[in-house]
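Residue strings, one per chain:
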Amino acid sequence: MREYKIAAIPGDGIGPEVISAGLQVLETLAEQDGGFKLSVERFPWSSDYYLERGYYIPTDGLERLKQFDAIFFGAVGALNVPDHVSLWGLRLPIAQGFDQYANVRPARVLPGVRSPLVNGKDIDWVIIRENSEGEYAGNGGRTHRGLPIETATETSVFTRAGVERIHRFAFELAAKRPRKHLTLVTKSNAQRFGMVMWDEIFFEVANDYPDVTTDRELVDAVTTRMVLKPQTLDVVVATNLHADILSDLAAALSGSLGIAPTANLNPERVFPSMFEPIHGSAFDITGKGIANPVATFWTAAMMLEHLGEKAAADRLMAAIEQITAAGVFTPDLGGTATTASVTEAVCKALAQQVKKAA
Ligand code: IPM
Ligand code: MG
């Protein structure tokens with residue numbers, strides 16, 4: 001029996017609701033599969049925990065997390081903690097501490113889901129976000145607070161090693177997809193140092209991947225291309241901040257932020273990777289039981305694939321697509337289903353697959 005140790009960090013807002021739903025579906029899959037088992041430990045690290053104790057992650061927290069095969073993360077962000085404190089308290093220390101430099105964000109319009117674009121069915125993208133440096137490097141400072149001469153800097157950091165490894169990762173991924181096309185997104189007209197280096201290293205790495213076709217786009221221009229010519233994009237590689245923005249647009253164009261998943265990968269597997277829905281805490285619907293669990297199911301499928309359970313991952317994606325095709329939608333997708341009823345529908349679809357195969 002293959003056994004995987006999963007650290008679940010439900011976090012804030014709707015995080016606990018969607019993570020519980022995700023664990024229920026994962027349990028169902030493991031039971032049906034019979035070949036693997038998940039041992040899940042829940043970590044209570046959240047903004048409430050922080051307000052009680054003054055920290056999100058205990059001193060030995062990362063050391064403990066290191067023992068796990070993967071991290072299943074809900075959301076972080078609360079109304080009573082400044083966002084930069086919660087982010088730098090919980091999510092960034094894990095992503096940066098475990099060198100999860102490749103953030104993978106697939107976007108596609110699932111069956112039955114309506115895109116705001118007329119040609120939304122053409123969306124089949126993977127956005128690769130550099131996840132360890134750039135605009136999120138935390139390199140800056142603030143002086144003379146409150147004075148007229150108050151000054152703040154927020155300097156992006158781009159390293160050759162950091163840029164080269166994300167490009168290589170993007171090329172490897174693009175090479176495995178049917179269209180084998182990779183678009184480089186930067187802003188190298190206005191930003192003439194880091195962004196120009198991004199461009200140069202991209203084309204150096206491109207020499208090692210003759211099968212992958214490439215093009216480049218400025219970040220502002222690529223937004224119009226995403227909306228007007230979605231079929232011309234396949235894999236996109238961009239910096240931490242640029243890809244953050246593009247992935248929200250991609251999620252909206254795919255029908256809802258409630259379905260968009262992400263994987264924070266440490267491709268070398270020195271550290272565990274982290275899987276999460278990209279929607280965040282969503283205070284407006286917290287506790288109402290209507291959070292869309294599909295993003296969490298999709299990221300669970302990405303987690304299974306990363307763990308080597310490709311068959312289970314495919315089964316889960318098929319079950320998700322079966323229920324979206326049948327119109328089992330939470331309110332963000334225009335339906336009346338609840339987190340619980342979507343979860344039940346997915347578990348039922350999984351059970352049907354087993355029956356069919358028998
Ligand atoms: C994301 C989110 C985060 C980010 C927020 C919560 C800080 O928007 O994962 O896309 O910008 O990294
Ligand atoms: Mg974002």
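As the structure is a computational prediction, the values presented were derived from the model and not from experiment.

The rules behind these values
Residues numbered from 1 in each chain as written. Chains lettered and ligands numbered in written order. Predicted model: local features only at pLDDT ≥ 70, side-chain atom pairs only at ≥ 80, totals over all residues. Heavy atoms only, no water. Helix = DSSP H or I, 4+ residues; strand = E, 2+ residues; numbered from the N terminus. Rg over C-alpha atoms; globule rule 2.2 N^0.38 Å. Buried < 20%, exposed > 50% of the residue type's maximum accessible area, 1.4 Å probe, protein only. Contact = heavy atoms within 4.5 Å. Lys, Arg positive; Asp, Glu negative; His and termini not counted. Charge placed at Lys NZ, Arg CZ, Asp CG, Glu CD. Pairing = 2+ DSSP bridges. Axes fitted to C-alpha atoms, helices over the stretch in contact; angles between N-to-C directions. Phe/Tyr/Trp six-rings, centres within 6.5 Å; stacked < 30°, edge-to-face > 60°. Parallel < 35°, antiparallel > 145°, perpendicular 65-115°, else oblique. Left-handed = near helix turned anticlockwise from the far one by under 90°. Nonpolar A, V, L, I, M, F, W, Y, C, P; charged D, E, K, R; others polar. Domains from an automatic or database assignment. Buried area = accessible area lost by both parts, 1.4 Å probe. Salt bridge = Lys/Arg side-chain N within 4 Å of Asp/Glu carboxyl O.

With that out of the way, let us pick up the overall build of the protein. A count of helices and strands for the protein gives 11 helices and 12 strands. A compact globule built from 358 residues would reach a C-alpha radius of gyration of about 21 Å, and the protein, at 20 Å, matches this within 12%. Seen along its three principal axes, the alpha-carbon backbone of the protein occupies a region of about 65 × 50 × 40 Å. Counting the 358 residues in the protein, one finds 52% classified as buried. Long-range contacts, defined here as pairs at least 24 residues apart, represent 76% of the contacts in the protein between residues at least 6 apart. Computed over 34 positive and 43 negative side-chain charges, the separation of the two mean positions in the protein equals 3 Å.

Turning to the sheet that holds strand 12 (residues 273-277), a few remarks are in order. The strand order 2-1-3-12-11-4-5-10-8-9 describes an open sheet built from 10 strands, whose pairing is mixed. The sheet is open, and its two edges are formed by strand 2 (36-42) and strand 9 (213-218), each paired on a single side. Between one strand axis and the next, the sheet turns by 25 degrees as a mean value, whatever way the strands run. Bridge count for strand 1 (residues 2-11) against strand 2 is 7 bridges, and the pairing is parallel. Looking at the pairing, Ala8 lines up with Arg42 of strand 2. Running over the sheet, helix 9 (residues 294-307) touches strand 1, strand 2, strand 3 (70-75), strand 4 (102-108), strand 11 (261-265) and strand 12 and is turned about 160 degrees from strand 12.

Applying the stated criterion to the full structure yields 10 aromatic pairs. Ring geometry for Phe43 and Phe68: centres 5.6 Å apart, planes at 80 degrees, overall edge-to-face. Note that Phe43 is positioned in the loop between strand 2 and helix 2 (47-53) and Phe68 in the loop between helix 3 (61-65) and strand 3, a separation of 25 residues in sequence. Accessibility assignment for this pair places Phe43 and Phe68 in one class, buried.

What follows is about the environment of Glu154. Along the chain, Glu154 turns up in strand 7 (residues 151-154). By relative accessible area, which is 66% here, Glu154 ends up exposed. In sequence terms Glu154 and Phe73 are 81 residues apart; their C-alpha atoms lie 27 Å from each other. Ignoring anything within four residues of it in the chain, the contact list for Glu154 reads Glu135, Asn139 and Gly140.

Turning next to the packing of helix 7 (residues 219-228) against helix 8 (residues 240-253). With their axes 11 Å apart at the nearest point, helix 7 and helix 8 run at an angle of 10 degrees to one another. Judged by the inter-axis angle, helix 7 sits roughly parallel to helix 8. Once helix 7 is placed against helix 8, the crossing between them reads as right-handed. Across the interface between the two elements, Val219, Val222, Thr223, Met226 and Val227 from helix 7 touch His242, Leu246, Leu249, Ala250 and Leu253 from helix 8. Considered class by class, the residues forming the contact of helix 7 with helix 8 number 8 nonpolar, 2 polar and no charged.

The extent of an interface is frequently quoted as the accessible surface area lost upon association of the parts. Assigned domains within the protein: domain 1 (1-108 + 261-358) and domain 2 (115-254). The C-alpha-based centres of domain 1 and domain 2 are spaced at 24 Å. Contacts between domain 1 and domain 2 engage 19 residues on the former and 23 residues on the latter. Roughly 1,700 Å² of surface becomes buried between domain 1 and domain 2 when both sides are summed, with 56% attributable to carbon and sulfur atoms. Per-residue buried area on domain 1 facing domain 2 is highest for Tyr101, Arg105 and Ala107; these three make up 38% of the total on that side. Across the contact surface, domain 1 and domain 2 share 1 salt bridge. Across the salt bridge formed by Arg165 and Asp99, the nearest N and O atoms sit 2.8 Å from each other. Elements with a contribution of two residues or more to the side of domain 1 that touches domain 2: helix 4 (83-97), strand 4 and strand 11. In terms of residue count, strand 4 provides more of the side of domain 1 that touches domain 2 than any other element does, 7 residues in total. Tallied by class, residues from the side of domain 1 that touches domain 2 come to 12 nonpolar, 4 polar and 3 charged.

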